[in-house]
Amino acid sequence: MALAQQEKIRENEGENTMKKKWIFPLLVVAVVLVGCSGKTKKEQSIKNEGVALMESKDYAGAIKKFDAALKVKDLNKLSVPEIDILRYRAQAEYLAGDYAAADHTYTLLGEVDGDKTEYKNMRVICLSKEGNELDKAKALFDETNALKDSGIGHKEALLELGRAWAKKSSESGDQSYLEQAKAYFAAAAGKEGQVDTQLCDYIGKFYYEIEDYQTALAWFEKGLGLEASNRELLFNQAACYEHMHDYQKALDLFKAYQSNFQDDAKAAHEIAFLESRL
């Protein structure tokens, strides 16, 4: 119960984190490029309107603005500022949940802006969320995974691909997909320099979602061994104990969590629930 509720919050925060990770560097690039791009004030104004719409979560409106700002027929001859706009469009499509469109735009970006790992990782995420071309997603993931620097978004790509395999396994009854996901997480955990709190949290979430709470707990606690005060890991650790019906342990952990993070209404709710069980 607990992590299922909190997961939605954490996932939304994760998307916001990704949004900040991509948008704010782009804003800096955009400001730098405006002075040397030769684009008209009108075109720049249209783009800025798109950014404002995107930040207000009107992604459909933002996409229309970015398309209007591009105003080019040959997408293979984009200028640097126009590539910047195309990146915004890809992100808006992703955040709108139009993963097929986002995959198409990230594919285009790979063609016009170099074969960058960040675009491939985003394609893995989009294809995994779409769920229809997991073999293609796997092939793209394998490409970036083989590199020394797998690029921005690689761990997010791993989590989404694992989730997609788990879903396919559940829907088809074929456990081989689930085993494939587990094998990829095990490989990631064994990759030198790969294990950090984010990876521990992602692998823990994966196992939590397939209701293997003991393995999930082990990963959350492994992450806490790296960063004892990590807010998300602390909450998820307590949630695992709750789902394993160790209510006293879960209550103790949630109370300890609440003493450090008093602004979390979800923790207060869980404490009230657990106290009613004891």
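Just so it is clear, the model here is predicted, and its values are computed rather than measured.

Conventions used here
Residues numbered from 1 in each chain as written. Predicted model: local features only at pLDDT ≥ 70, side-chain atom pairs only at ≥ 80, totals over all residues. Heavy atoms only, no water. Helix = DSSP H or I, 4+ residues; strand = E, 2+ residues; numbered from the N terminus. Buried < 20%, exposed > 50% of the residue type's maximum accessible area, 1.4 Å probe, protein only. Contact = heavy atoms within 4.5 Å. pLDDT = per-residue confidence, 0-100. Axes fitted to C-alpha atoms, helices over the stretch in contact; angles between N-to-C directions. Parallel < 35°, antiparallel > 145°, perpendicular 65-115°, else oblique. Left-handed = near helix turned anticlockwise from the far one by under 90°. Phe/Tyr/Trp six-rings, centres within 6.5 Å; stacked < 30°, edge-to-face > 60°. Salt bridge = Lys/Arg side-chain N within 4 Å of Asp/Glu carboxyl O. Core = buried A, V, L, I, M, F, W, Y, C linked by side-chain atoms within 4.5 Å.

J.: Summarise the overall build of the protein; cite the residues concerned and give the values.
T.: For the protein, the count of helices and strands is 14 helices and 0 strands. Reading the helices (α) and strands (β) of the protein from amino to carboxyl end gives α-α-α-α-α-α-α-α-α-α-α-α-α-α. Split into buried and exposed, the 278 residues of the protein put 49% on the buried side. Long-range contacts, defined as pairs at least 24 residues apart, comprise 60% of the intrachain contacts of the protein with a sequence gap of at least 6.

J.: Before we move on, can you summarise unusual backbone geometry with the specific residues and values?
T.: Despite not being glycine, Lys57 shows a phi value in the positive range, around 70°. Using a relative accessible area of 54% as the deciding quantity, one classes Lys57 as exposed. Positive phi, close to 65°, is recorded for His245, a residue that is not glycine. Looking at where His245 falls in the secondary structure, it is placed in the loop between α12 (231-243) and α13 (247-260). Among the residues examined, His245 registers a relative accessible area of 57% and is labelled exposed.

J.: Give me the confidence of the model for the protein: which residues, what numbers.
T.: Looking at the protein, the pLDDT average stands at 83 and 83% of residues meet or exceed 70. Below a pLDDT of 50 lies the segment residues 3-38, which in the model reaches 69 contacts outside its immediate sequence neighbourhood of four places, other chains included.

J.: Describe in detail the packing of helix α11 (residues 213-226) against α12, supporting the description with residues and values.
T.: For the pair α11 and α12, interaxial distance at closest approach is 9 Å and the crossing angle is 155°. In terms of orientation, α11 lies roughly antiparallel with respect to α12. Between α11 and α12 lies a crossing of left-handed hand. Every residue of α12 that contacts α11 at Tyr213, Ala216, Leu217, Phe220, Glu221, Gly223 and Leu224 is listed here: Leu233, Leu234, Asn236, Gln237, Cys240, Tyr241 and His243.

J.: Quick rundown of the packing of aromatic side chains? Include the residues and the values.
T.: Per the counting criterion, the structure on display carries 11 aromatic pairs. Taking 5.5 Å as the distance between ring centres and 25° as the angle between the ring planes, the aromatic pair formed by Phe66 and Tyr88 counts as stacked. A residue pair is termed long-range when its members are at least 10 positions apart, and Phe66 in helix α3 (residues 59-70) and Tyr88 in helix α4 (residues 80-95) qualify at 22 residues. In this structure, Phe66 and Tyr88 share a single accessibility class: buried. With a centroid separation of 4.9 Å and an interplanar angle of 45°, the aromatic rings of Tyr257 and Phe261 are classed as tilted. The structure contains a cluster of three or more aromatic residues connected by ring pairs, namely Phe235, Phe254, Tyr257 and Phe261.

J.: Any chance you could break down the pattern of salt bridges for me, citing the residues and the numbers?
T.: With the rule as written, the count across this model stands at 21 salt bridges. In this structure, Lys65 engages Glu49 in a salt bridge whose closest nitrogen and oxygen atoms are separated by 2.7 Å. One end of the pair, Lys65, is in helix α3; the other, Glu49, is in helix α2 (residues 41-55), and 16 residues separate them in sequence. For Asp142, the salt bridge is made with Lys138, and the minimal N-O distance between the two is 3.0 Å. Placement of both Asp142 and Lys138 in helix α7 (residues 134-145) is noted, with a separation of 4 residues, approximately one turn of the helix.

J.: Before we move on, could you go through the nonpolar core and cite the residues and values that matter?
T.: Soluble globular proteins tend to bury their nonpolar side chains together. Membership of the largest hydrophobic core comes to 76 residues, with the highest contact counts inside it found for Met54, Phe66, Tyr94, Tyr106 and Phe206. Per-element accounting of this core gives the leading share, 8 residues, to α4.

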